[in-house]
Amino acid sequence: MAELSTVARPYAEALFAAARDDKAGLQAWADLVSELSQVASNPDVREAMADPRLGDKQRVELFTGLVKAELPQAARNFIELLVENDRLLLLPEIATQFVVLRNRHDGTAQAEITSAFELSDAQVQELVVALEKKFGLKLKPVVTVDQSLIGGVRVAVGDQVLDTSVQAQLARMRDTLAA
């Protein structure tokens, strides 16, 4: 079976192309796609959308009824296409890829920063400035705390990972000693 990201990619690219050309703008579409993703991620919604007793029209009406934002016709058409192709539950992956495409378009990237301890805003900003020089991109930080790192930080930007945590250093030492 194909990877979810592989199946979701053409939908995300088509949606991004439509959003880029729409007068509402990318930010409005990004917000809408995020909301659609949240609705599709709900376990109850996932179960209802998989119910074989529902027809395509009923699925579309049920799903669009759960969305709080007003849906432009293009978004409604997109939902109908996803339902027709049995791909509605791919919306979380489509939303993830939409964000990546938007970041690439804007010349930015998301930096997932995981720290062993809570970082102050000044520390995050200092780290982001250094990372922007290293990666050559404008970064949007998303900071989480994981005490299992013991100390230091792990940064993921796209598929690149910079791990300076104590946990990673201990693992490297263990591997060196075991070799």
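Quantities reported herein were computed from a predicted structural model and do not represent experimental measurements. (Residues numbered from 1 in each chain as written. Predicted model: local features only at pLDDT ≥ 70, side-chain atom pairs only at ≥ 80, totals over all residues. Heavy atoms only, no water.)

K.L.:
Go over the nonpolar core, please, and point to the residues and values.
P.N.:
With 33 residues, the main nonpolar core has L36, F63, L88, L91, I94 and F98 as its most contacted residues. Those elements giving two or more residues to this core turn out to be helix 1 (4-21), helix 2 (26-41), helix 3 (43-49), helix 4 (56-66), helix 5 (73-84) and helix 6 (91-106). The element contributing the most residues to this core is helix 2, with 8 residues. Excluding residues within four positions of it along the chain, L91 makes contact with L36, S37, A40, F63, F78 and L82. Residues A109, I113, F135 and V153 belong to the second largest nonpolar core, which totals 12 residues. (Core = buried A, V, L, I, M, F, W, Y, C linked by side-chain atoms within 4.5 Å. Buried < 20%, exposed > 50% of the residue type's maximum accessible area, 1.4 Å probe, protein only. Helix = DSSP H or I, 4+ residues; strand = E, 2+ residues; numbered from the N terminus. Contact = heavy atoms within 4.5 Å.)

K.L.:
Any chance you could break down the sheet that holds strand 2 (residues 138-145) for me, citing the residues and the numbers?
P.N.:
Pairing within the open sheet is mixed, and its 4 strands lie in the order 2-1-3-4. Since the sheet does not close on itself, it has two edges, and those belong to strand 2 and strand 4 (160-163), each with one partner. For this sheet, the mean inter-axis angle between neighbouring strands, taken without regard to orientation, is 20°. (Pairing = 2+ DSSP bridges. Axes fitted to C-alpha atoms, helices over the stretch in contact; angles between N-to-C directions.)

K.L.:
So what's going on with the environment of E35? Residues and values would help.
P.N.:
With respect to the helices and strands, E35 occurs in helix 2. Taking the C-alpha atoms as reference points, E35 and K68, separated by 33 residues in sequence, lie 8.2 Å from one another. Not counting chain neighbours up to four residues away, the residues in contact with E35 comprise V67, K68 and A69.

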